[in-house]
Amino acid sequence: MSTSNINGRILEYVIVKSLQDKLDDKCILSKRTVNSNLRDIKKLNVINKSLMKHYSTCSPLITNWIINEIKETPIRIDRLGDESGVSGDVTDIKLSSPNSILNISLKNNNPVDLSASIS
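Residues numbered from 1 in each chain as written. Predicted model: local features only at pLDDT ≥ 70, side-chain atom pairs only at ≥ 80, totals over all residues. Heavy atoms only, no water.

1. Considerations on the confidence of the model for the chain
Threshold: Known as pLDDT, the predictor's confidence for each residue is given on a scale from 0 to 100. It only takes one pair of heavy atoms within 4.5 Å for two residues to be counted as in contact.
When pLDDT is averaged along the chain, the result is 87, and 85% of the positions lie at 70 or above. Every residue in residues 114-119 scores below 50 in pLDDT, and together they form seven contacts with partners more than four places removed in sequence or on other chains.

2. Considerations on the pairing of strand E4 (residues 100-104)
Stated precisely, the cut-off is as follows: What makes two strands pair is DSSP finding at least two bridges between them. For helices the rule is a DSSP run of H or I covering at least 4 residues; for strands it is a run of E covering at least 2, with both sets numbered from the N terminus onward.
With five bridges joining them, strand E3 (residues 93-97) and E4 adopt antiparallel strand pairing. Residue pairing across strands places Leu95 opposite Leu102, the latter belonging to E4. Connecting E3 to the antiparallel partner E4 that follows it, the hairpin turn spans two residues.

3. Side note on the sheet that holds E4
Worth spelling out the cut-off: Under this scheme, a helix contributes an axis fitted over its contacting stretch, all axes are lines through C-alpha atoms, and angles between N-to-C directions fall in the 0 to 180 degree range.
Strands sit in the order E1-E2-E3-E4 across an open sheet of four strands; the sheet is mixed. The two strands at the open ends of the sheet, each matched to only one other strand, are strand E1 (27-29) and E4. Looking at each pair of strands side by side, their axes are set apart by 20 degrees on average, direction ignored. Bridge analysis of strand E2 (residues 75-79) against E3 gives four bridges, and the strand direction is antiparallel. Bridging from a neighbouring strand, Arg79 pairs with Ile93 of E3. Packing of helix H2 (residues 31-41) onto the sheet brings it into contact with E1 and E2, and relative to E2 it is tilted by some 55 degrees. Where helix H3 (residues 49-70) meets the sheet, it contacts E2, E3 and E4, and its direction lies at approximately 150 degrees from that of E4.

This is the structure:
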């Protein structure tokens, strides 16, 4: 598995975990999300520590933006598999509430020097 693929999966995991922590019992994880998270938690120690710190710093900002966009609970969280991209759907995380749907495509394909942005 490529580094960018692992990094992307870890970013998805971190965002879902952040949503879970913030929403507590106001979020519902799909079976696919639970399975993806169980798979990806084992890879947390594989990615660069600076990148992980960057994810941890940014995920609360992303979480707050998501909650502000959805505006109602419960929020159902579904991590879509890569097979969805084959049919043209680039969604990584699908969030839905009683009256809203928010599809998120996350990208972390460009290597960056995080040492300047993280102190």
